[in-house]
Structure formats: C-alpha cells, structure tokens
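Each chain is listed here by its residues.
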Amino acid sequence: MGKLNIELNDSRNVFAPGGQVEGRIEWSLDANPTTLTLSLLWYTSGKGTRDVGVLCTNRIDSPGALGSDKFSFTLPPGPYSFSGKLISLIWALELTSTPGSETVREEIVVSPTGREILLTSVAGQGEGKDNQSRPFLECILGVPYAGA
Amino acid sequence: MRARDNPFAADRIERIRYRFVGTSLDELLTRLDDMNYRAAITGPEGSGKTTLLEDLREALEYRGLRTKLLFVNDASPLSEAQCRRFLSELVPQELVLLDGADAIRRSSWFLFRRHTVRHAAGLLVTSHRPGLLPTLIECTTTAGLLQEIVRDLSPQTPALSPAFLRALHNRHQGNLRACLRELYDVCAKAP
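Rules of the game
Residues numbered from 1 in each chain as written. Chains lettered and ligands numbered in written order. Predicted model: local features only at pLDDT ≥ 70, side-chain atom pairs only at ≥ 80, totals over all residues. Pairing = 2+ DSSP bridges. Helix = DSSP H or I, 4+ residues; strand = E, 2+ residues; numbered from the N terminus. Axes fitted to C-alpha atoms, helices over the stretch in contact; angles between N-to-C directions. Contact = placed C-beta atoms within 7 Å. Nonpolar A, V, L, I, M, F, W, Y, C, P; charged D, E, K, R; others polar. Domains from an automatic or database assignment. Expected span 1.5 Å × (residues − 1). Buried ≥ 20, exposed ≤ 12 C-beta atoms within 10 Å, placed from the backbone.

### Concerning the sheet that holds strand β1 (residues 38-42) of chain B
Residue and element names in this part refer to chain B.
Right, on to step 1. Strand order in the open sheet formed by 5 strands is β2-β3-β4-β1-β5, with parallel pairing between adjacent strands. Only two strands of the sheet have a single neighbouring strand rather than two, namely β2 (66-71) and β5 (135-138). Geometrically, the sheet is characterised by an average inter-axis angle of 15° between neighbouring strands, direction not taken into account.
Right, on to step 2. Where β2 meets strand β3 (residues 94-99), 6 bridges bridge the pair, whose relative direction is parallel. Bridge pairing links Thr 67 to Leu 95 in β3.
Right, on to step 3. Packing against the sheet, helix α2 (residues 25-34) makes contact with β1, β4 (122-127) and β5, and its axis sits at approximately 155° to β5.

### With respect to the sheet that holds strand β3 (residues 20-28) of chain A
Residue and element names in this part refer to chain A.
Right, on to step 1. Spatially, 3 strands are ordered β1-β3-β6 in an open sheet, and the strand pairing comes out antiparallel. Taken across any chain shown, the strands that pair with only one partner, and hence form the sheet edges, are β1 (3-8) and β6 (66-74). The average angle at which neighbouring strand axes cross in this sheet is 20°, direction not considered.
Right, on to step 2. Looking at chain direction, β3 and β6 are connected through 9 bridges and run antiparallel. What sits directly across from Arg 24, in β6, is Lys 70.

### Some thoughts on the interface of chain A and chain B
Right, on to step 1. Counting residues at the interface gives 13 residues for chain A, matched by 11 residues for chain B.
Right, on to step 2. Of all the secondary-structure elements, those providing two or more residues to the side of chain A that touches chain B are β4 (35-46) and β8 (87-98) of chain A.
Right, on to step 3. For the side of chain A that touches chain B, the element with the highest residue contribution is β8 of chain A, accounting for 3 residues.
Right, on to step 4. Class assignment of the residues belonging to the side of chain A that touches chain B gives a composition of 3 nonpolar, 7 polar and 3 charged.

### Some thoughts on the domain arrangement of chain B
Residues and elements named next belong to chain B.
Right, on to step 1. Taken domain by domain, chain B comprises domain 1 (25-138) and domain 2 (142-188).
Right, on to step 2. Taking only C-alpha atoms into account, the centre of domain 1 sits 30 Å from that of domain 2.
Right, on to step 3. Tallying the contact residues gives 5 residues for domain 1 and 5 residues for domain 2.
Right, on to step 4. Within the side of domain 1 that touches domain 2, the residues separate by chemical class into 1 nonpolar, 3 polar and 1 charged.

### Overview of helix α3 (residues 49-62) of chain B
All names here are of chain B.
Right, on to step 1. In this model α3 runs 20 Å from its N-terminal to its C-terminal C-alpha over 14 residues, within 8% of the 20 Å that 1.5 Å per residue would give.
Right, on to step 2. Of all the residues in α3, the buried ones are Lys 49, Thr 51, Leu 52, Leu 53, Leu 56 and Leu 60.
Right, on to step 3. Against β1, β2, β3 and β4 lie the buried residues of α3.
Right, on to step 4. Downstream of α3 by a residue or two, Gly 64 has a phi angle that is positive, lying close to 95°.

### Side note on unusual backbone geometry
Residues and elements named next belong to chain A.
Right, on to step 1. Cis geometry is adopted by the peptide bond preceding Pro 79, which originates at Gly 78 and carries an omega value of 0°.
Right, on to step 2. Note that Pro 79 resides in the loop between β6 and β7 (82-83).
Right, on to step 3. The step from Thr 98 to Pro 99 runs through a cis peptide bond, and the omega angle for that step is -5°.
Right, on to step 4. Counting through the fold element by element, Pro 99 comes out in the loop between β8 and β9 (103-110).
Right, on to step 5. Non-glycine residue Ser 11 carries a positive phi angle of around 50°.

Structure representation (structure tokens):
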C-alpha cells in the first residue's frame, strides 16, 4: 500500500481569497507511477448533484516511487467556502497517482473572515428576497453583492 | 446541520454500491456471459439499476472487456442524430451499456438493438419494464435493505427507527433514492 501526503506550510489551512497556498507533497509508492497530479479544486456537497471546479493542476511525469516536491497556488477571488443546510462548498487540494487509485485530499478554507461562511435562514425576519439571497451570492461571487 | 455533515448528502449516497440478495456479482457475470451479453436489468425507479450497471461495468472492464456507457433520461434525452452518431462510433469489441433504454424513442431503440448485433460485443440495458431484452436481473428493494443502508450511512441517528424507515419505504413504494432524499431533509432540520 503506497502513501501520498500533502503538507501545507505552517500547517495553515485557512486562506483569504486571492491568497497563496503553499506546501509540499510527498509520495512513497509500491510501484513507479507514470504521473502524479496535484489539483486545487472546490466541490459541493449536499442534496443536489455534485458540482466540481478544478482551478489549477500540477502534473509530475515519471516521479519515481519515492520523492517530494514543493507547490504553490494562487487562489482566485471566489467562491468562498460556505455551508448551508442544502449545500456546502468545500475547497481542497487533491493528490492522485496514475495508474492506480491512490488519492489523498487536504481540505482548506477560503474565506475573507478566516472561517467557513455559514448560511443561515433569514426568512421571517421581514427582509426582502434580495437581502435573503445576499450571503449566498456573496459566497458564489467572491465579492460584496450590491443588489440587482 | 451543515450540508457537508449530512449523512445523506448526494456524494455519500453515490458511494453506496449495489447490494446483492440471493445472488452475487460473479454469478451475474456468468449469467451475462451465458446470455451472450445481450440482456436487461429491470426494476422500478430507485431500485439500484444504474448502480448495478456501473458496478458491472467496472467488473467487466477488470476482466478485460471494453465498454461504452450511455445515460439517457428525461433530463438528458437522446436525439435520433445523437443515437446514430453513438452507434457509428462503435467498434465491434465494445460492449454497449445503455442506462434508460425505455427512455429513448422506439425508432432509436430498434436501431440500437439491430446495430449492436453485428457491430458491438453486446448490449446491456436498464429499463423500468421487462421485455426489451431477456432479463438478467430484476432489481427490487426491501425495508430491510433501506435500514441496512441507513445504518451504514448514519449509525448514530436514533430518530430513524426501523418503524419510521419501514413507513418511509412504503410511502415511496420502494424507491430508495426518494427515501434517502427525504432522510436528507430530516437530518438537515436537525440543529
């Protein structure tokens, strides 16, 4: 059984939008993989169909069975990491070796507040529809929503 | 409860594989071989046909067979032109896996059935109703199966009692997908 590892610099896993994600990957595999792929991605989890966005991919060809390498990605302005009752958006780094199915994933938080944005229901507070959708839209857009 | 913590989130449900009752994957593969790879997986909505087709695909490819999978449903219908293109790109070594054979037009189905006799290694379909091809297996669900899946997904949710799950299974007429979607809502309401 091989081993893949993603280590973030200073064990930091919370980042501001537009920030730099840096760290190191390590691999110790039973056989020589043809390729190692490190991706920065987000995906949704919740009631509906899963959505995935892959932002950047670093590919190492013929990496050998054992090794390590540094990585650095620049985050986009959004979407932010968020969670509601129906959907969560989760950012992650994913390292995969090919052939085979060895995969390791390291979750990170991308948020201007330093925490995952929690979407709470505002129904019944007398606010208009526009205000109710504001937190969600801000998370998706990655910028303050000024309204329609 | 946050969506990511919900034990019935779609990505967790997708990881559930088909559970055999009274047969096994190996038995089914042997039967499929005996049927010359022309067969149908039948059963009502939410009974595991697509999951089983995906599992069979993995097993067939592991055994060295080439497969070509096509999903058809109301949300992604298949036009006559798409059907012809799909068939024209087939190579004789490929086994066609068609999910939703009863969702395609009758003329396209006849084309599929006829074309794959000579130009493919076989045709395995899923269908709500029997009769399109000889039945390989009829998928069914039970309240016990739902309980087993719920126990695996959410072992610490006491509100989901066997009686509640039996009633749920009954209300959705055995449609496990619908049952699990409702259970998502039950958990989402929890603090």
